[in-house]
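Residues per chain, in single letters:
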Amino acid sequence: MSSILLLTSSPRSDSLSTQIATELADALKAQNPGKTIVHRNLATSPLPHIDDLFTAAIRKPADARTAEESEAAKVSDQLVDELLAADTLVIGTGLINFNIYSSLKTWIDNIARAGRTFTYTENGPVGLATGKKAYIVLASGGVYSVGPAAPLNHAVPYLKSVLGFIGISDVETVYVEGLAFGPEAAEKAIGAAKARTVELARAA
């Protein structure tokens, strides 16, 4: 059975990136009831940061690891399996200091695995997590999709680069932006984002 992997990363209980990303995942599932949603809340269940033991472990075949190394790579192995089993990826994040939350960056550090999600060839690296579609939901106080602040939006270009590196090039973005410009602007931004999720789900 195919699955939708939903990744939310905001520590805020009233997070709009989490709300809109969840609504998008639900709408995509409604278009295909046979799908399941696997939700990882990276804020409430943070992942371990990578360390020397982890980097040593992932450079070895699983059967060559020590018991400590196997334990260090266990979560990462599970995350990679989860990603590869999904055919759809929905990522929710706020724009924090012009980039993604550190909880989401840690997920990336755990799933970017040579030999599993990408491989090196004589012509350069090739992504192995192919055949998937990804959706990015980005919430921000200012407007960063266009205009003078757009160059400060490192979140979407970074995520697209990482996803492309592991073989996911079909990526759509939903912006929930201008939230700090007053209640009327926030309401308009939320309405536009919700409409965009409906549009994307219908097109899926």
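Residues numbered from 1 in each chain as written. Predicted model: local features only at pLDDT ≥ 70, side-chain atom pairs only at ≥ 80, totals over all residues. Heavy atoms only, no water.

## Section: the packing of aromatic side chains
Right, so step 1: Under the criterion given, the structure shown has three aromatic pairs.
Right, so step 2: Relative to F165, the ring of F118 lies with its centre 4.7 Å away and its plane at 55 degrees, an arrangement referred to as tilted. On the criterion of sequence distance, the pair formed by F118 in strand β4 (residues 118-121) and F165 in helix α5 (residues 155-165) is long-range, its members being 47 residues apart.
Right, so step 3: For F118, a relative accessible area of 6% puts it in the buried group.
Right, so step 4: Note on F165: relative accessible area 36%, which makes it partly exposed.
Right, so step 5: Chaining the aromatic ring pairs together yields one cluster made of F118, Y120 and F165. (Phe/Tyr/Trp six-rings, centres within 6.5 Å; stacked < 30°, edge-to-face > 60°. Helix = DSSP H or I, 4+ residues; strand = E, 2+ residues; numbered from the N terminus. Buried < 20%, exposed > 50% of the residue type's maximum accessible area, 1.4 Å probe, protein only.)

## Overview of helix α1 (residues 16-31)
Right, so step 1: Its 16 residues give α1 an end-to-end C-alpha distance of 22 Å, which sits within 8% of 22 Å, the value for a rise of 1.5 Å per residue.
Right, so step 2: The complete set of buried residues in α1 reads L16, S17, T18, I20, A21, L24, A25 and L28. (Expected span 1.5 Å × (residues − 1).)

## Points about the packing of helix α4 (residues 102-111) against α5
Right, so step 1: Their axes nearest at 12 Å, the elements α4 and α5 cross at an angle of 15 degrees. When the axes of α4 and α5 are compared, the pair comes out roughly parallel. Of the two elements, α4 crosses α5, and the hand of that crossing is left-handed. Contacts between α4 and α5 involve L104, K105 and I108 from the former and Y158, L159 and V162 from the latter.
Right, so step 2: A per-class count over the contact of α4 with α5 returns five nonpolar, no polar and one charged. (Axes fitted to C-alpha atoms, helices over the stretch in contact; angles between N-to-C directions. Parallel < 35°, antiparallel > 145°, perpendicular 65-115°, else oblique. Left-handed = near helix turned anticlockwise from the far one by under 90°. Contact = heavy atoms within 4.5 Å. Nonpolar A, V, L, I, M, F, W, Y, C, P; charged D, E, K, R; others polar.)

## Things to note about the packing of helix α3 (residues 67-85) against α4
Right, so step 1: In the contact formed by α3 and α4, the axes pass within 8 Å of each other and the chain directions differ by 90 degrees. Relative to α4, the element α3 lies roughly perpendicular. Facing α3, whose interface residues are S76, L79, V80 and L83, α4 presents W107, N110 and I111.
Right, so step 2: Here the residues of the contact of α3 with α4 are counted per class, giving five nonpolar, two polar and no charged.

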